[in-house]
Amino acid sequence: MSIKISVVEEKIFEVVNQYNIDEYYINKSYGSIERFNQVVNGETLKKNEISLMDFLSEIRPNNILNMKPKNVRNKLDIKYGY
């Protein structure tokens, strides 16, 4: 069994990375699918668990979707520059 997960990066262009993750790999990394779902929903990591972003960085997404550009407001915050 595999689980499909989508990660959305919200920038000027919205990027959606879709992963099909094997149940074995989830169990190996998090102990169970239930625990994996808790981590995905923002629960604090236990000592021996890797972060979700580190977990996903080891796996290539099967789809990378570039969505339409978002409306950029006229208000720009420039933090650094010269």
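Above this text you will find the structure in question.
Since this is a predicted model, take the numbers as computed values, not measurements.

What counts, and at which threshold
Residues numbered from 1 in each chain as written. Predicted model: local features only at pLDDT ≥ 70, side-chain atom pairs only at ≥ 80, totals over all residues. Heavy atoms only, no water. Salt bridge = Lys/Arg side-chain N within 4 Å of Asp/Glu carboxyl O. Helix = DSSP H or I, 4+ residues; strand = E, 2+ residues; numbered from the N terminus. Buried < 20%, exposed > 50% of the residue type's maximum accessible area, 1.4 Å probe, protein only. Contact = heavy atoms within 4.5 Å. Arc of directions from axis to C-beta. Polar contact = N/O pair within 3.5 Å; in protein donor to acceptor, adjacent residues only side chain to side chain.

1. Things to note about the pattern of salt bridges
Point 1. Under the definition given, this model contains two salt bridges.
Point 2. For Glu43, the salt bridge goes to Arg35, with nearest N and O atoms at 2.8 Å.
Point 3. Here Arg35 makes a salt bridge to Glu49, at a shortest N to O gap of 2.8 Å. Remark: Glu49 occurs in the loop between α2 (33–40) and α3 (52–57) and Arg35 occurs in helix α2; sequence separation between them is 14 residues.
Point 4. Look at Glu49 and you get buried, because its relative accessible area is 11%.
Point 5. Residues joined by salt bridges that share partners form a network here, namely Arg35, Glu43 and Glu49.

2. Points about the side chain of Gln18
Point 1. By the element assignment, Gln18 lies in strand β2 (residues 13–22).
Point 2. Residues in contact with Gln18, not counting those within four places in the same chain, are Lys4, Ile5, Ser6, Pro61, Asn62, Asn63 and Leu65.

3. Topic: helix α1 (residues 23–30)
Turn by turn, an α-helix covers 3.6 residues, leaving residues three or four places apart pointing in a common direction.
Point 1. Among the residues of α1, those classed as buried are Ile26, Ser29 and Tyr30. Axial view of α1: buried residues confined to an arc of 75°, hence all on one face. For α1, the exposed residues lying more than 90 degrees away from the buried face are Tyr24 and Lys28.
Point 2. Against the buried residues of α1 lie β1 (2–10), β2, α2 and α3.
Point 3. Sitting at the amino-terminal end of α1 is Asp22, which places a side-chain oxygen 2.9 Å from the backbone nitrogen of Tyr24.
Point 4. Residue Gly31 follows α1 closely and has a positive phi angle near 95°.

Honestly, that's just the spatial picture; any functional story needs more than this.
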